[in-house]
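Here is what each chain is made of, one letter per residue.
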Amino acid sequence: MASNVNPTVRRRRLGQELRRLRELKGMTAEEVAERLLVSQSKISRLENGRRSISQRDVRDLCSVYEVEDQRVVDSLMQMAKDSRQQGWWHTFGDIPYSVYIGLETDAASLRVYDPQVVPGLLQTRQYAESLIAGALPETAQSDIEKRVQVRMRRQERITAPDNPLRLWAVLDEAALRRVVGNESVMRDQLEYLVEQSQLPHVTVQVIPFDMGAHPGLNGQYAILEFPDAADSSVVYIEGVTSDLYLEKPNDVHKYAMMYEHLRAQALNVDQSLQYISRIAKEYAR
């Protein structure tokens, strides 16, 4: 989906602009909430792009901020209208990580570290089915299939003929050794991982067990970067009941530096592919 109609990204840009207008006015979120007789949390969610923004919200906020240029108001109102459109993922119903999918759909590059499993964008269908069923044992088969379909659709960013997603994945050896499904599924998964690694815009590195302690032991995370300079990078941390999105420059910088350490400590690209291929052959035996 093009960035000018991606509802998640458009909502995020609109929130950033509303925050800028508030700060120019010298007002706190609490003061704005008091003026509009709404909760402070609503103002915060509007500004961080986690809540749908109506044109009425924009009109009321522009009034509080005394925005006199009608062209600015009209532009923000149009952004609010665009942000309420539905992305392709909405056709699948209630997807718990829809905000992330919206960001991923419009990202230019993605750096992901996963200590336990192969990242979703590099999973085979069988691996994805087995993984989701194992991780969510009380989920109905129909919901599992829906999640798998969404995951397969997300992978179109990797194979897009124009402007494919630049993906860099660092995996812990545990992600290769953990048998998801069965050994046949794992063999196919690792062979697919090697195959995808041949793409010029996909890089995979492995941190073997004998590397010992490293900066990624705290868990999985992803860093998304966008083609438009107006869209700041985002660190995404997946949770069980809710997800965490970090956008403050200092937070993003810390995770980016940690990722550089992970890449430096991991096997290089050629060594990583050889390592993955060797484990795939072990499964084949």
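Quantities reported herein were computed from a predicted structural model and do not represent experimental measurements.

**What about the sheet that holds strand β3 (residues 202–207)?**
Reading across the sheet, the six strands line up as β3-β2-β1-β4-β5-β6 and stay open at both edges, with mixed pairing between neighbours. At either margin of the open sheet sits one strand with a lone partner, and together these are β3 and β6 (244–246). Here the average twist between neighbouring strands, direction ignored, is 15°. Direction of pairing for strand β1 (residues 109–114) relative to strand β4 (residues 221–225): antiparallel, over a ladder of five bridges. Within β4, the position partnered with S109 by the bridge is E225.

**A few points about helix α7 (residues 125–135)**
Of the residues making up α7, those classed as buried are Y127, A128, L131 and I132. For α7, the arc enclosing every buried residue in end-on projection is 120°, short of the 170-degree limit, so these residues lie on one face. If you follow the buried residues of α7, they end up packed against α8 (141–154), α10 (173–177) and α11 (183–197).

**As for the layout of surface pockets**
Empty space within the largest pocket amounts to approximately 970 Å³. Lining the largest pocket are 35 residues, with Y97, R151, Y236, E238 and G239 sitting closest to its centre. Listing elements by their share of the lining of the largest pocket, those giving two or more residues are α6 (98–106), β1, α7 and α8. Across the lining of the largest pocket, the residue classes break down as 19 nonpolar, eight polar and eight charged. Roughly 410 Å³ of volume is contained in the second largest pocket. Lining of the second largest pocket is provided by 14 residues; of these, R19, N48, Y245, E247 and K248 occupy positions nearest its centre. Breaking the lining of the second largest pocket down by element, the ones donating at least two residues are α1 (7–25), β6 and α12 (249–265). Broken down by element, the lining of the second largest pocket gets its largest block of residues, three residues, from β6. For the lining of the second largest pocket, the per-class residue count stands at four nonpolar, three polar and seven charged.

**Topic: the environment of S44**
Positionally, S44 belongs in helix α3 (residues 40–47). A residue is classified by how much of its surface remains accessible, and S44, at 29% relative accessible area, is partly exposed. In sequence terms S44 and G15 are 29 residues apart; their C-alpha atoms lie 9.0 Å from each other.

**Things to note about helix α13 (residues 269–284)**
Under the 1.5 Å per step criterion, the end-to-end length of α13 is 23 Å for 16 residues, consistent within 8% with the ideal 22 Å. Within α13, burial applies to S272, L273, Y275, I276, I279, A280 and Y283. Viewed end-on, α13 has its buried residues packed into an arc of 160°, placing them on one side of the element. Away from the buried face of α13 by more than 90 degrees, exposed residues D270, Q274 and K281 are located. On its buried face, α13 is in contact with α10, α11 and β3. A distance of 3.2 Å separates the backbone nitrogen of D270 from a side-chain oxygen at the start of α13, and that oxygen is part of N268.

**Remarks on the side chain of R154**
For R154, the location among the structural elements is in helix α8. Not counting residues up to four positions away in its chain, the partners in contact with R154 are W88, Y97, Y100, I101, E104 and L121.

**As for the environment of L246**
With respect to the helices, strands and loops of the structure, L246 is situated in strand β6. Separated by 23 residues in sequence, L246 and I223 have C-alpha atoms that sit 9.4 Å apart. Those residues in contact with L246 that sit more than four places away from it in its chain are S233, V234, V235, I237, D251, V252 and Y255.

**Side note on the nonpolar core**
The biggest cluster of nonpolar side chains holds 47 residues, and the ones touching the most others in it are L176, L193 and L224. Setting aside residues up to four positions removed in sequence, L193 forms contacts with V118, L122, L171, L176, V204 and I276. Counting 19 residues, the second-largest nonpolar core is a separate cluster that includes L21, C62, V73 and A80.

**Observations regarding the packing of aromatic side chains**
Within this structure, the stated rule accounts for six aromatic pairs. Ring centres 6.1 Å apart and planes at 85° place the aromatic pair W88 and F92 in the edge-to-face group. Comparing W88 with F92 shows no difference in burial state: the two are buried. With centroids separated by 4.9 Å and ring planes inclined at 70°, the aromatic side chains of Y221 and Y255 adopt a geometry described as edge-to-face. In this pair, Y221 is assigned in strand β4 and Y255 in helix α12, connecting sequence segments 34 residues apart. By relative accessible area, which is 1% here, Y221 ends up buried. Since its relative accessible area comes to 22%, Y255 is described here as partly exposed.

Analysis parameters
- Residues numbered from 1 in each chain as written.
- Predicted model: local features only at pLDDT ≥ 70, side-chain atom pairs only at ≥ 80, totals over all residues.
- Heavy atoms only, no water.
- Pairing = 2+ DSSP bridges.
- Helix = DSSP H or I, 4+ residues; strand = E, 2+ residues; numbered from the N terminus.
- Axes fitted to C-alpha atoms, helices over the stretch in contact; angles between N-to-C directions.
- Buried < 20%, exposed > 50% of the residue type's maximum accessible area, 1.4 Å probe, protein only.
- Arc of directions from axis to C-beta.
- Contact = heavy atoms within 4.5 Å.
- 1 Å grid on protein atoms, 1.4 Å probe; cavity = no way out; pocket = protein on both sides within 12 Å on 5 of 7 lines; lining within 4 Å.
- Points joined across faces, edges and corners; volume = space filled by probe spheres on them.
- Nonpolar A, V, L, I, M, F, W, Y, C, P; charged D, E, K, R; others polar.
- Expected span 1.5 Å × (residues − 1).
- Polar contact = N/O pair within 3.5 Å; in protein donor to acceptor, adjacent residues only side chain to side chain.
- Core = buried A, V, L, I, M, F, W, Y, C linked by side-chain atoms within 4.5 Å.
- Phe/Tyr/Trp six-rings, centres within 6.5 Å; stacked < 30°, edge-to-face > 60°.

These figures come from the coordinates and say nothing about function on their own.
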